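# Working through the structure, step by step
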Amino acid sequence: MNAAKSSEVVAILALLYMEIGVSALIGASFFIVFLPIQFMVSGKLARIQAEVLKVSDKRLKKINETLQSMKLVKLYGWEVMFCKAIEVVRDKQVQSLIKIGICMSVILSLSMLTTAIVSLLAFVSYSFLSPEPLTPEKAFVALAFFSQLNLPLIVFAQSVRYVADAVPSIRRLRQFFDYREMGRSENGLPPQTRGFQDINLDEEDSDDGESMIHDRTEPLKSNADDYGVYFNKNSRKPISNTREETDRTALVKSGGPVDYGSFKEESSFITENIECFLPEHIAFQITGGTFSWNYEGSSPALSNINLCVPCGSFVIVIGLVGSGKSSLLSAILGEMTTVSGSVQFNRERNRISYVPQKAWLQNATLRDNILFGQTFDQKRYDAVIQACALQPDIDILPAGDMTEIGERGINLSGGQKQRVSIARAIYSNTDIVILDDPLSALDVHVSSHLLENGIMDLLVRQGRTVMLVTHQLQSLQFANKVVLMDNGKIVREGDLNEIKKHDREMFVAWETSLRTLSESDRETDTEDERILSTGEERLKLEKDVSKEEKREKGLRKGSVGTLIEKEERLTGSVSWRVYRTYAKAIKFSLVTLTLLLVAAQAVALLACNFWLSAWSEAGLETINKTQEEIEEESVYYRQGYTVLTLTFAIFLIAAVFVQVMTSIFAAKRIHFALLRTIINAPIRFFDTTPVGRILNRFSNDIQIIDQKLWWSILNVVLTGTLCLSALIANAIVTPVFIVLVAPFLVVYYFIQKYYVTTSRELQRIDSITKSPVFAHFSETLGGLSVIRAYRDENRFRKRLLETIDTNNVAQLYFLCSFRWMTMRLELLGAFIVLISALTSLISCIVGAIPPSWVGLALTYAISICGQLNWMVRMFAECEMNMNAVERVKHYTELKTEENRGTYNPPPSWPDKGNIQFEDVSVRYADDLEPVLEDINVQFKAGEKIGICGRTGSGKSSLTLALFRMIDTFKGRIIIDGIDISHVPLLTLRTRLAIIPQDPVLFTGTIRFNLDPETTKSDAELWKALEVAQLQDVVADLPEQLEADISEAGENFSVGQRQLFCLARAFLRNSQILVMDEATASIDIKTDATLQHVIATAFADRTVLTIAHRMSTILDSDNVLVLSEGRVVEFGSPKKLEKQDGSHFAALVKGHF
């Protein structure tokens, strides 16, 4: 309760004492009992709220992980399993919500009963202690004062709820504020912004891109510390490199109090005025580096790293899967903990651009993704587009490079996303470009083109330092230095000749590739090029026509190039259907029961007050009565008043508890319906809807339904009955009151309607503007390493603040509108009191009513002022909170995938693995063009099929059609004689196996990731790991199969993640396996071993392999070549290689 309300309660009690004496203090003694109970319950409430938040975090984490991995979940038919896992956590949350509901029911019931109980104690004690009888003068003056306690106590109950919510939330925020931050070290890099003190809200937003990509003529300086060769600014004498032990070791091993975080002035590391310098010809240097992924200093990921990279050099890093290649790049970028040693950069050429192994794109236009906040230079931009072979892709897009790229680049293929990511790095005006195996996602032609025209022409030959991680050994011919990694160490470095001397096997593999490439160059320079160029011209014409059709269609929709649909926003009042939906979730019978209980408590309270009127009226007629008669009468009225008060209390408590409990169970049902609908939505929904928008439903909207909606509804109903009781009481006293007050009620109606309409729309705006906050924050978290590498934190932070500010505007306007409404309703309330006083007094003067009724009428009229304000506010809040139900209802009515089938195949199906496509055409949505057209091909049982084609040719779409992930609007797909369109959807997906293009691991143990349904034995799990070449990796872990996998599998390399996915697919034991570029992130040696293992382990299964490495599919039984969604070739790879003008032959020669 705030200070104003507290002082109001004290003033009322003082006036009561002046009116009825010590009886007022006896009545007020209930506060001595009431307040400790309130505080005790509120303390319990805060602890339960902390539990709710903890469980809610776990629930949202599971939902977010499921949404991020929805494609894999659907491909494996795991919707029911993941849904149940989320529901288990939700059940735990509901149990805590029930406890909160009980606590809030106690607090609210006590708050609303306090006035009645205090009145009862005061009047009963007055009848015992006072020599004077209870008269209307004293009774209704006291009752008016008691009534004024109602609103402050309700506000107090609400304040308790807010405090209980705030305390655990503040503690949780404190944990984040106290986390260690990346240290500011004087290693020659531009300084990173860090925490709260680095935010300058008055600084102009630097969207022109010049904020972080600085002019070369102004080398950046820093003012913290580093490790290596140090100079004191004053003496310029070298300082010993012993600070490492005092600084970093203290950071790792310290057990003292935390003294770092966003609000600390000190850095996470001890700093001094020390500088270090590298020679001008050195870009960066690692000296004695040992790096770990966490501060607690577990076994280091990299050890004894010594590496010197000259300016303008091209360094290629190679090694087996899990050897530490990506970790080396992370250490250079400062994303790892430096246990010992140092990383130093040239101060004059210290700006970095970075391409991660898994491309990260923003939900923005393709051009904005490439510019990444920099100014647009047409000439430079065109050169980058051509070098990255993006122009054909841009031509296909409906709005060219202004086409919106969906969240996580969802509307681009893996190769296209990676080329956009590379284009961003090339376009940036940086000195050092770090590339983490981006070529693995590209087909052979594009990879060769980008290497020569992009990396070599626009980077290396322009004097920019390039470090490239790759598994494509043919790239080694361009390198100035080759670094060979193994087991977290650099085992070899030098030029190609040095590598040749020490690792002959690898060099022979490279030499073979290079020789084949030279031979193929001469063969493909003539007729093949002519054939391809003719086809491309024809294809370009088709694309131009298609693009124009899309453009015209888009213009009619008013959204050219837009993928992400605008979030829905209804207007006008919340539909009665929404209230009906909520009532249905509660159950209509329980809604009726609640309303009856509320009506009963209102009638009981009204009867109480009329009984008090009769009691006080009897006090005026004691002249002709004996003392015994007066005593008997007093006992009669005391008992009646007590019974009616207790009846009111029972009905009120019952109404509150029933409303709270039924609302919590309704919230559970609504969450269940939302979850099931979202989980079963088609994959296109997730392509066009940002994850942040969906999470907003599960977080903000569900929280409102869980904890706020029932409160506002209960307050509306209870205060509404109080206001109605006041009008009824005044109408009974003086019927003319209704006639006189009617015009004011009409004005009141229009004021509240105007206010409710405004506040409702503001709430809708508030809900909609929350989604960009979630979406931007989620997107930023996904690309933190990229953002920090580019030193672009400020731009993203400012963008986040802009989205928050936009969201806060709705709240500010809401508060203003509330004050507007309050002033006007207070004025109306004063007029209602005036009318009530005049009508009742006049009626009493003429003898129409007894004096006690005048007091009753005035008491109700005075109370109606505050109650009207509170009811309108709660009604507006109810409408705003009902907006959450409206938004959730919208998602529960989404079109879902049809799981039913007309035929249930036997458990052994498919037992052979025969696949037949008959005139199949597929598309992603009804309003989109086909991605595959007229596919007619048959894969025989047990065949190993290689599927190839250029980026965007429809390779992945073919496999998605096999799983019915996209719409097959023409033709049919038959597996072992059964049309898959007749098979239940989940049955189909659980009978097939796939290793998707993007490796997906879930938070949990290795066992859970391999066998989430827990149907396999340990022996089967180890066999799968052996097949995937991961047996030694897992065996070396302390907990082996029970070892934890972090979120998104970040504690394993991308290659290892892909191998885990292969092991998972092997365990499914399906006759049909699809490998969608499953070995793209794996080194050649491991890939060769895997291909041999797959040939034996999957010898009797039908395997469809999509690969960018042509060597992966050269041993296939048959090869399917796709181009622009059509089959151009199908046959034995050996025969296709020998055919003149063969597309497959051109792809093979282009690869080698």
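Residues numbered from 1 in each chain as written. Predicted model: local features only at pLDDT ≥ 70, side-chain atom pairs only at ≥ 80, totals over all residues. Heavy atoms only, no water.

### Focus on the overall build of the protein chain
- Check the secondary structure of the protein chain and you find 35 helices and 24 strands.
- Across the 1152 residues that make up the protein chain, the buried fraction comes to 55%.
- Taking as baseline every contact in the protein chain between residues at least 6 positions apart, the subset at least 24 positions apart corresponds to 82%.
- Looking at the protein chain as shown, the accessible area adds up to about 49200 Å², and 57% of this sits on carbon and sulfur atoms. (Helix = DSSP H or I, 4+ residues; strand = E, 2+ residues; numbered from the N terminus. Buried < 20%, exposed > 50% of the residue type's maximum accessible area, 1.4 Å probe, protein only. Contact = heavy atoms within 4.5 Å. Areas by Shrake-Rupley, 256 points an atom, 1.4 Å probe, with all protein chains shown as cover.)

### So, the pairing of strand E12 (residues 489-494)
- By the bridge criterion, five bridges tie strand E11 (residues 481-486) to E12 in an arrangement that is antiparallel. Residue Met 485 lies in a different strand from E12, and its bridge partner there is Ile 490.
- Turn length for the E11-E12 hairpin, with the two strands adjacent in sequence and antiparallel, is two residues, and the turn residue Asn 487 shows positive phi of about 55 degrees. (Pairing = 2+ DSSP bridges.)

### A closer look at the environment of Trp 615
- Following the sequence through the fold, Trp 615 ends up in helix H18 (residues 588-618).
- Sequence separation between Trp 615 and Tyr 637 is 22 residues, and the spatial gap between their C-alpha atoms is 5.9 Å.
- Those residues in contact with Trp 615 that sit more than four places away from it in its chain are Phe 123, Val 124, Ser 127, Leu 134, Tyr 637, Arg 638 and Tyr 641.

### Some thoughts on the packing of aromatic side chains
- As enumerated under the stated definition, the model contains 26 aromatic pairs in all.
- The interplanar angle of 90 degrees and the centroid separation of 6.1 Å between the aromatic rings of Trp 360 and Phe 372 together place this pair among those described as edge-to-face. Of the two residues, Trp 360 is situated in the loop between strand E8 (352-355) and helix H10 (366-371) and Phe 372 in the loop between H10 and helix H11 (378-387); the sequence distance between them amounts to 12 residues. For the pair formed by Trp 360 and Phe 372, the shared burial category is buried. (Phe/Tyr/Trp six-rings, centres within 6.5 Å; stacked < 30°, edge-to-face > 60°.)

### With respect to helix H9 (residues 325-333)
- Most of H9 is tucked away, with eight of its nine residues classed as buried.
- Where H9 is concerned, the buried positions are Lys 325, Ser 327, Leu 328, Leu 329, Ser 330, Ala 331, Ile 332 and Leu 333.
- With its phi angle positive at about 85 degrees, Gly 334 sits one or two positions after the end of H9.

### Points about the environment of Glu 493
- Its location among the elements puts Glu 493 in strand E12.
- With a relative accessible area of 31%, Glu 493 lands in the partly exposed category.
- When the C-alpha positions of Glu 493 and Val 317 are compared, they lie 9.0 Å apart, and in sequence the two are 176 residues distant.
- The contact partners of Glu 493, leaving out residues within four places of it in the chain, are Asn 306, Leu 307, Lys 481, Val 482, Val 483 and Glu 498.
- Here the side chain of Glu 493 touches Lys 481 through a polar contact of 3.3 Å, side chain to side chain. (Polar contact = N/O pair within 3.5 Å; in protein donor to acceptor, adjacent residues only side chain to side chain.)

### A short note on the sheet that holds strand E24 (residues 1126-1131)
- Strand order in the open sheet formed by six strands is E18-E21-E22-E15-E23-E24, and the pairing between neighbours is mixed. In the strand order of this sheet, the two ends are held by strand E18 (993-995) and E24, each with one partner. Adjacent strand axes in the sheet meet at a mean angle of 15 degrees, parallel and antiparallel pairs treated alike.
- As judged from the five bridges shared by strand E21 (residues 1072-1076) and strand E22 (residues 1102-1106), these two strands associate in the parallel manner. Residue pairing for E22: Asp 1076 is matched across the bridge by Ile 1106.
- Relative to E21, helix H27 (residues 955-962) is tilted by about 150 degrees, and along the sheet it contacts strand E15 (944-948), E21, E22 and strand E23 (1118-1123).
- Those strands touched by helix H32 (residues 1054-1068) are E18 and E21, and its axis lies near 175 degrees from that of E18. (Axes fitted to C-alpha atoms, helices over the stretch in contact; angles between N-to-C directions.)

### As for the pattern of salt bridges
- Tallied over the entire structure, the rule returns 28 salt bridges.
- Residue Asp 701 is joined to Arg 887 by a salt bridge in which the shortest nitrogen-to-oxygen separation is 2.9 Å. Linking Asp 701 in helix H21 (residues 691-707) with Arg 887 in helix H26 (residues 851-892), this pair joins segments that are 186 residues apart in sequence. Both residues of the pair, Asp 701 and Arg 887, count as buried.
- Where Asp 766 meets Lys 770, a salt bridge forms, and the shortest distance between an N and an O atom there is 2.7 Å. With Asp 766 and Lys 770 both in helix H23 (residues 736-782) and four residues apart, the pair spans about one turn of that helix. The burial state of Asp 766 is the same as that of Lys 770; both residues are buried. (Salt bridge = Lys/Arg side-chain N within 4 Å of Asp/Glu carboxyl O.)

### Details of the side chain of Glu 87
- Along the chain, Glu 87 turns up in helix H5 (residues 79-129).
- Within the structure, Glu 87 has its side chain in polar contact with the side chain of Arg 676 (distance 3.1 Å).
- Residues in contact with Glu 87, not counting those within four places in the same chain, are Phe 672, Leu 675 and Arg 676.

### A look at the sheet that holds strand E17 (residues 978-979)
- Taking strand neighbours across the sheet as the criterion, the four strands line up as E14-E13-E16-E17 in an open arrangement whose pairing is antiparallel. Each edge of the open sheet carries a strand with a single partner, namely strand E14 (932-939) and E17.
- Judged from the five bridges that link them, strand E13 (residues 915-923) and E14 form a sheet pairing that is antiparallel. The residue of E14 that forms the bridge with Ile 915 is Phe 939.

### So, the confidence of the model for the protein chain
- When the pLDDT values of the protein chain are averaged, the result is 76; 79% of them are 70 or greater.
- With pLDDT under 50 throughout, residues 201-260 is counted as low confidence; its partners more than four residues away or in other chains account for 136 contacts.
- In the model, residues 265-274 has pLDDT below 50 throughout and makes 35 contacts with residues more than four positions away in sequence or in other chains. (pLDDT = per-residue confidence, 0-100.)

### With respect to the nonpolar core
- Within the largest apolar cluster, 142 residues are counted, with the highest numbers of intra-cluster contacts made by Tyr 582, Ile 678, Phe 917 and Leu 962.
- The element contributing the most residues to this core is helix H19 (residues 627-679), with 16 residues.
- When residues no more than four places from it in sequence are discounted, the contact partners of Phe 917 are Ile 935, Asn 936, Val 937, Phe 939, Leu 958, Leu 962, Arg 972 and Ile 973.
- In this structure, Met 336, Ile 405, Val 420 and Ile 490 belong to the second largest nonpolar core, which totals 79 residues. (Core = buried A, V, L, I, M, F, W, Y, C linked by side-chain atoms within 4.5 Å.)

### Here's the deal with a nonpolar patch on the surface
- Together, Leu 15, Tyr 17, Met 18, Val 22, Leu 25, Ile 26, Leu 121, Phe 128 and Leu 129 give the surface a local cluster of nonpolar side chains, amounting to about 880 Å² of exposed area.
- Mapped by element, the contributors of at least two residues to the nonpolar patch are helix H1 (3-20), helix H2 (22-28) and H5. (Patch = residues over 30% accessible without salt bridge, like charges linked within 9 Å, V, L, I, M, F, W, Y side chains within 5 Å.)

### Examining the state of the cysteines
- Summed over all chains, the structure comprises zero disulfides.
- In this structure Cys 311 is a free cysteine whose sulfur lies 9.3 Å from that of Cys 308, the closest cysteine sulfur available. (Disulfide = S-S within 2.5 Å.)

### Quick look at a positive patch on the surface
- A grouping of Lys 54, Lys 58, Lys 61, Lys 62 and Lys 92 is seen on the molecular surface, where their side chains present a positively charged patch.
- In terms of residue count, helix H3 (residues 30-68) provides more of the positive patch than any other element does, four residues in total.
- Along the chain, the position of Lys 54 falls in helix H3.
- Judged by relative accessible area, Lys 54 falls into the exposed class, the value being 63%. (Lys, Arg positive; Asp, Glu negative; His and termini not counted. Charge placed at Lys NZ, Arg CZ, Asp CG, Glu CD.)

### Description of unusual backbone geometry
- A cis amide bond links Trp 909 with the next residue in sequence, Pro 910, at an omega value of -10 degrees.
- In this structure, Pro 910 sits in the loop between H26 and E13.
- Positive phi is not limited to glycine here, since Arg 791 has a value of about 55 degrees.
- For Arg 791, the position within the fold is in the loop between helix H24 (784-789) and helix H25 (793-845).
- For Arg 791, a relative accessible area of 9% gives the class buried.
- Backbone geometry at Asp 919 places phi at a positive 50 degrees, although glycine is not the residue there.
- Assignment of secondary structure puts Asp 919 in strand E13.

### A word on the side chain of Ser 23
- Position of Ser 23 among the secondary structure elements: in helix H2.
- Its relative accessible area of 2% is what places Ser 23 among the buried residues.
- Only 3.3 Å separates the side chain of Ser 23 from the backbone nitrogen of Tyr 126, close enough to count as a polar contact.
- For Ser 23, the contacting residues outside a window of four places in its chain are Ala 122, Ser 125 and Tyr 126.

### Here we look at the packing of H11 against helix H13 (residues 414-427)
- Put simply, H11 and H13 touch, their axes get as near as 10 Å, and they point 140 degrees apart. In terms of their interaxial angle, H11 and H13 are classed as oblique. Two packed elements cross with a definite hand, and for H11 against H13 that hand is right-handed. On the side of H11, the interface is formed by Arg 380, Tyr 381 and Val 384, while H13 contributes Ala 423, Ile 426 and Tyr 427.
- Per-class residue counts for the contact of H11 with H13 are five nonpolar, no polar and one charged. (Parallel < 35°, antiparallel > 145°, perpendicular 65-115°, else oblique. Left-handed = near helix turned anticlockwise from the far one by under 90°. Nonpolar A, V, L, I, M, F, W, Y, C, P; charged D, E, K, R; others polar.)

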